[in-house]
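Fold and geometry: a report
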Number of protein chains: 2
Amino acid sequence: MSNSLGRHVLAEIHGCSFDVLNDREKVEAIMVNAALETGAEVREVVFHKFSPQGISGVVVISESHLAIHTWPELGYAAFDVFTCGDRVNPWDACNYVSEKFQAGHMTAREVKRGTIEVSKEAVNL
Amino acid sequence: MSNSLGRHVLAEIHGCSFDVLNDREKVEAIMVNAALETGAEVREVVFHKFSPQGISGVVVISESHLAIHTWPELGYAAFDVFTCGDRVNPWDACNYVSEKFQAGHMTAREVKRGTIEVSKEAVNL
């Protein structure tokens, strides 16, 4: 039996709006709001715009982080969200970002992070 | 056949030094140096120390990002590094961080990000 410290969801978001994916202020606002919508506590926010296009940015939250990298020319964004504890659901952030990017479709996978082994004996106590 | 825009390595680093994992300046320096050691270009750096313990931080690089979350009391750090292009090898950053954290062991997996389908016809041209 095992338990994990965190949940890390990696999302491939396709068919997004070029104008949203290439706008630093919009991407930053969507990412911060994604954190807040899930009930996370925002600690640090950092975003960078590349030339000629593309945005990278991260929102550090008390519960871990949200990160984004956009390829406006491909309508694609690579999003990941790592959350600790049971209070915040990383999938809520995924769905929020996908909707705000006006995505055509999203595929995502969840990876358990920091799996701590719990012995059967300990569980039966 | 498919190709991907990026490589995302998620590493579980166990048996680390408490003193390193709980020192914001040390963790930040190790993360920045991990980026530089792989030949990445550092764009933004943001770190946060939690009370009573634990560090979260991110280094945004031109090639995407490196992120860390530490649990000093467990000797555990959750590290991930996302790189685009062929110039930077994300595994070099993993191995560097693991060594500097004086880790007992590390397990890691690589996930391809932004997989772009290439038709067989196009490849055969």
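Structure's up top.
Source: prediction; values computed, not measured. (Residues numbered from 1 in each chain as written. Chains lettered and ligands numbered in written order. Predicted model: local features only at pLDDT ≥ 70, side-chain atom pairs only at ≥ 80, totals over all residues. Heavy atoms only, no water.)

Structural notes on the relation of the copies chain B and chain A
This is how the line gets drawn: Superposition of the copies was done by least squares, using only C-alpha atoms of residues whose pLDDT is at least 70 in both. Any two residues having at least one pair of non-hydrogen atoms within 4.5 Å are treated as being in contact.
At an RMSD of 0.0 Å, chain B and chain A line up after a rotation of 180° and a shift of 0.0 Å along the axis. Here the copies are linked by what is in effect a two-fold axis. When the interface residues of chain B are mapped onto chain A, 100% of them again lie at the interface, so the same face is used by both copies.

Some words on the packing of helix H2 (residues 24-37) of chain B against helix H3 (residues 90-100) of chain B
All names here are of chain B. Here is the rule we go by: Orientation is described by lines fitted to C-alpha atoms, with helices fitted over the stretch in contact, and by angles between N-to-C directions that extend from 0 to 180 degrees. Segments assigned H or I by DSSP are reported as helices when at least four residues long, segments assigned E as strands when at least two residues long, and all are numbered from the N terminus. Two helices that cross are described as forming a left-handed crossing if the nearer one is turned anticlockwise from the farther one by less than a right angle, and a right-handed crossing if clockwise. Put simply, Ala, Val, Leu, Ile, Met, Phe, Trp, Tyr, Cys and Pro go in the nonpolar bin, Asp, Glu, Lys and Arg in the charged bin, and everything else, Gly too, in the polar bin.
One way to put it is that H2 packs onto H3 with a least axis distance of 9 Å and a crossing angle of 145°. Helix-helix and strand crossings are classified by hand; for H2 and H3 the assignment is right-handed. In this structure, H2 contributes Ile-30, Met-31, Asn-33, Ala-34 and Glu-37 to the contact, and H3 contributes Ala-93, Tyr-96, Val-97 and Lys-100. Residue composition of the contact of H2 with H3, by class: six nonpolar, one polar and two charged.

Details of the environment of Phe-79 of chain A
As for its position among the elements, Phe-79 of chain A is in strand E5 (residues 76-84). Along the primary structure Phe-79 of chain A and Met-31 of chain A are separated by 48 residues, whereas in three dimensions their C-alpha atoms are 9.7 Å apart. When near neighbours in sequence (up to four residues on either side) are disregarded, Phe-79 of chain A contacts Val-9, Leu-10, Ala-11, Ile-13, Met-31, Leu-66, Ala-67, Ile-68, Ala-93, Cys-94 and Val-97 of chain A together with Arg-113 of chain B.

Some details on the pairing of strand E3 (residues 55-61) of chain A
Residues and elements named next belong to chain A. Put simply, the rule is: Three labels apply to residues, based on accessible area from a 1.4 Å probe with only protein chains included: buried if under 20% of the type maximum, exposed if over 50%, partly exposed otherwise in between. By definition, two strands form a pair when at least two bridges between them are found by DSSP.
For E3, a buried count of seven out of seven residues is recorded, marking the element as mostly surrounded by other parts of the structure. Taking every second residue as pointing to the same face, both faces of E3 are buried, with Ile-55, Gly-57, Val-59 and Ile-61 on one and Ser-56, Val-58 and Val-60 on the other. Summarising the sheet, strand E2 (residues 42-49) and E3 pair through seven bridges and their orientation is antiparallel. Among the inter-strand pairings, His-48 is bridged to a residue of E3, identified as Ser-56. Once E2 ends, the chain turns through five residues before running back antiparallel as E3, passing Gly-54 with a positive phi of about 110°. Bridging between E3 and strand E4 (residues 64-71) involves six bridges; their strand directions are antiparallel. Its bridge partner lying in E4, Ile-61 is registered against Ser-64. What sits between the antiparallel neighbours E3 and E4 is a turn of two residues.

Things to note about the pattern of salt bridges
All names here are of chain A. Threshold: Just to be clear on terms, a salt bridge is a Lys or Arg side-chain nitrogen sitting within 4 Å of an Asp or Glu carboxyl oxygen.
Enumeration over the complete set of coordinates arrives at 12 salt bridges over all chains. Between Arg-43 and Glu-41 there is a salt bridge, with its nearest N and O atoms 3.6 Å apart. By relative accessible area, which is 34% here, Arg-43 ends up partly exposed. The partly exposed category is assigned to Glu-41, whose relative accessible area is 42%.

Things to note about the environment of Ala-11 of chain A
Examined against the element boundaries, Ala-11 of chain A turns out to sit in strand E1 (residues 2-14). Classification of Ala-11 of chain A by relative accessible area gives buried; the value is 0%. Spatially, the C-alpha atoms of Ala-11 of chain A and Val-81 of chain A are 8.5 Å apart, while their sequence positions differ by 70 residues. Leave out the neighbours within four places in its chain, and Ala-11 of chain A touches Ala-77, Ala-78, Phe-79, Cys-94, Met-106, Thr-107 and Ala-108 of chain A together with Arg-113 of chain B.

Examining unusual backbone geometry
Working note: non-glycine residues mostly have negative phi, and peptide bonds are mostly trans. Residues and elements named next belong to chain A. Residue Ser-51 is joined to Pro-52 through a cis peptide bond whose omega torsion reads 5°. Tracing the backbone shows Pro-52 in the loop between E2 and E3. In this structure, Ser-64 is a non-glycine residue whose phi angle is positive, near 130°. Counting through the fold element by element, Ser-64 comes out in strand E4. Using a relative accessible area of 2% as the deciding quantity, one classes Ser-64 as buried. Non-glycine residue Gln-102 carries a positive phi angle of around 55°. Looking at the element boundaries, Gln-102 is found in the loop between helix H3 (90-100) and strand E6 (105-117). With a relative accessible area of 52%, Gln-102 lands in the exposed category.

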